[in-house]
Amino acid sequence: MFIANLERIKRNHVPAAGLELREAEACVDESLLLGCMRGQEIVVVSAFLYSEMMSRDVPCSVPSYNRQHMKGPVLHYLNHKCTSEQRCEFNLWDDVPGAANNLSYWQQGIIVARYACINESEGVQWCGGVASGNSGWLKSPGYPKLYMGPDPCVISVQLDPGQRVAVTFTDIHLKESENGVCRDNVTLEDATGVLLQRCGTLHRTVQVLTEQHVANITLHTHLNMVPARGFLAYFKAIGCPSPPMPLNSSVVFRNSTHAELVCKDGQAFFSNDGEASKYVKLACEDQQWPDVRDCVDLVTLLEMGHISHFQFARLYNLTTYAANTRNTGSLVLDLIVPVVVMSVLVLGNVFIILIIFYCRRAVKAGSSDEWDSIKSNPEPPDESDPAPVPSRV
């Protein structure tokens, strides 16, 4: 019965996530079937309960069901039952605690689950592990049976400079917070700081895009062993890795999608169609750069007849111009700028000294004029005090 019903599982490629996802759906009164090939295991990415706006008078039928209303996630329950299994049969009434006591919520609708099949050995699953490449899975040690402590467990993702890391958490199952404090938590951070910190149970997939090319996921717990699943996450590199470096070339410009290279002095790129150029521009597609030949000596290209004397002169002048530009820039930074700065400082000091000298002269001249004025205009006697009259004896 299980094998026959696997034909109802749909395949759905999701470019944004970089995963090939399968889709399984079933009415709430039926079993939801998920399955992978031998040597693979199930990873549930999303799971929701849908219902129609109006009540049905006819039995539920998946092909004709109108997904008008998303009632809520059931990701946690499917992760608990199916994740890391090769095949899984999920029954809502058996696998969702208390569902039978809440018929008004669960009795109508369909469950739609999207999941991936990964190799059992795939994924970094040890503390201190380092993940690289275009994509991969990250698991806490012991997942999905338990997680361990008390020492922090760090798993690092390290990509090429210029790239960013998109981390998608498909499952987090840790101890719930105590008085609002997450004593057990999983943290995602890069050089800019903490980007995500979660505890408890994840009910919807969470995706975080880092700003840097290195990201660390750390699981904190104060206990030696906890009977909960831990975490499961998928990472994908955003942007291209470092571009190829042909012999005798260097990078002029580079971002996550484009790059420009230049040959060293006296050399040039020579393409398959016979074109010689000093610079070459590259565009990254599907996280891959195009192949570029090594730089070739201009004299060799001229002697072999691949370029004319005019082309040789033009390319050589570009080389000379580039070299002169670099030398001029070095001269400006090493000589001209310091000379200008010192000259400004010296002239400023001279100007200040002149101002001080001028002010002192003005003060001295003012004092001399005041003294001369006092000597030439003595103060007259005070008429209010007449001279004393000599007494007669």
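Residues numbered from 1 in each chain as written. Predicted model: local features only at pLDDT ≥ 70, side-chain atom pairs only at ≥ 80, totals over all residues. Heavy atoms only, no water.

Asker: Lay out the packing of aromatic side chains in plain terms, naming residues and giving numbers.
Answerer: In this structure the tally under the stated criterion is 4 aromatic pairs. Consider the rings of Trp137 and Tyr234, whose centres lie 5.0 Å apart with planes at 55°: the pair is tilted. Within this pair, whereas Trp137 is found in strand E9 (residues 135-139), its partner Tyr234 is found in strand E18 (residues 230-238), the two being separated by 97 residues in sequence. For the ring pair Phe169 and Phe231, a centre distance of 6.3 Å and an interplane angle of 65° mean the geometry is edge-to-face. Placement of the pair is Phe169 in strand E12 (residues 164-173) and Phe231 in strand E18, with a sequence separation of 62 residues. Exposure remark for Phe169: the relative accessible area of 1% places this residue in the buried category. (Phe/Tyr/Trp six-rings, centres within 6.5 Å; stacked < 30°, edge-to-face > 60°. Helix = DSSP H or I, 4+ residues; strand = E, 2+ residues; numbered from the N terminus. Buried < 20%, exposed > 50% of the residue type's maximum accessible area, 1.4 Å probe, protein only.)

Asker: A description of the pattern of salt bridges should follow, citing residues and the corresponding values.
Answerer: Applying the stated criterion across every chain yields a total of 7 salt bridges. Between Lys175 and Glu178 there is a salt bridge whose closest N-O contact spans 3.4 Å. Lys175 gets classed as partly exposed once you look at its relative accessible area, which sits at 29%. Residue classification places Glu178 among the partly exposed positions, given a relative accessible area of 32%. A salt bridge links Arg183 to Glu178; its shortest N-O distance comes to 3.9 Å. (Salt bridge = Lys/Arg side-chain N within 4 Å of Asp/Glu carboxyl O.)

Asker: A description of a nonpolar patch on the surface should follow, citing residues and the corresponding values.
Answerer: Judged by side-chain polarity, Phe351, Ile352, Ile355 and Ile356 come together as a nonpolar surface patch covering roughly 380 Å² of accessible area. The residue Phe351 is located in helix H6 (residues 309-376) in this model. (Patch = residues over 30% accessible without salt bridge, like charges linked within 9 Å, V, L, I, M, F, W, Y side chains within 5 Å. Areas by Shrake-Rupley, 256 points an atom, 1.4 Å probe, with all protein chains shown as cover.)

Asker: Requested: an account of the sheet that holds strand E16 (residues 214-220), with residues and values cited.
Answerer: Ordered in space as E8-E11-E16-E13-E14, the 5 strands form an open sheet in which the pairing is mixed. Each of the sheet's edge strands pairs with one partner strand only, and the pair in question is strand E8 (130-131) and strand E14 (193-198). (Pairing = 2+ DSSP bridges.)

Asker: Describe the pairing of E9, with residues and values.
Answerer: Among the 5 residues in E9, 4 count as buried, and that is most of the element. With 5 bridges connecting them, E9 and E18 associate as antiparallel partners. From the neighbouring strand, Gly136 faces E18, where its bridge partner is Phe235.

Asker: A description of unusual backbone geometry should follow, citing residues and the corresponding values.
Answerer: Cis geometry marks the peptide bond from Tyr143 to Pro144, where omega comes out at 0°. In this structure, Pro150 follows Gly149 across a cis peptide bond, with omega equal to 0°. Position of Pro150 among the secondary structure elements: in the loop between strand E10 (147-148) and strand E11 (153-158). Unlike most non-glycine residues, Ser84 shows phi in positive territory, near 80°. Within the secondary structure, Ser84 sits in the loop between helix H2 (75-82) and strand E6 (87-91). Positive phi outside glycine occurs at Asn248, with the angle close to 65°. Examined against the element boundaries, Asn248 turns out to sit in the loop between E18 and strand E19 (249-254).

Asker: If you had to explain the environment of Gly133 to someone new, which residues and values would you point to?
Answerer: Tracing the backbone through its elements, the reader meets Gly133 in the loop between E8 and E9. Looking at Gly133, the relative accessible area reads 39%, which means it is partly exposed. Separated by 104 residues in the primary sequence, Gly133 and Ala237 have C-alpha atoms spaced 7.3 Å apart.

Asker: A description of H2 should follow, citing residues and the corresponding values.
Answerer: Those residues of H2 not exposed but buried are Leu75, His76, Leu78, Asn79 and Cys82. Summarising the axial view, the buried residues of H2 lie within an arc of 165°, below the 170-degree limit, and thus occupy one face. On its buried side, H2 packs onto strand E3 (31-35), strand E4 (40-51), strand E5 (69-73), E6, strand E7 (110-119) and E12. Phi turns positive one or two residues past the end of H2, at Ser84, with a value near 80°. (Arc of directions from axis to C-beta. Contact = heavy atoms within 4.5 Å.)

Asker: Give me the lowdown on the side chain of Gln163, citing residues and values where you can.
Answerer: The topology assignment puts Gln163 in the loop between E11 and E12. A polar atom in the side chain of Gln163 sits 3.1 Å from the backbone nitrogen of Asp160. Reaching out from Gln163, the side chain makes a polar contact with the backbone oxygen of Gly239 at a distance of 2.9 Å. Contact partners of Gln163, with chain neighbours within four places excluded, come to Gln212, His213, Ala237, Ile238, Gly239, Cys240 and Pro241. (Polar contact = N/O pair within 3.5 Å; in protein donor to acceptor, adjacent residues only side chain to side chain.)

On their own, these measurements won't tell you what the molecule is for.
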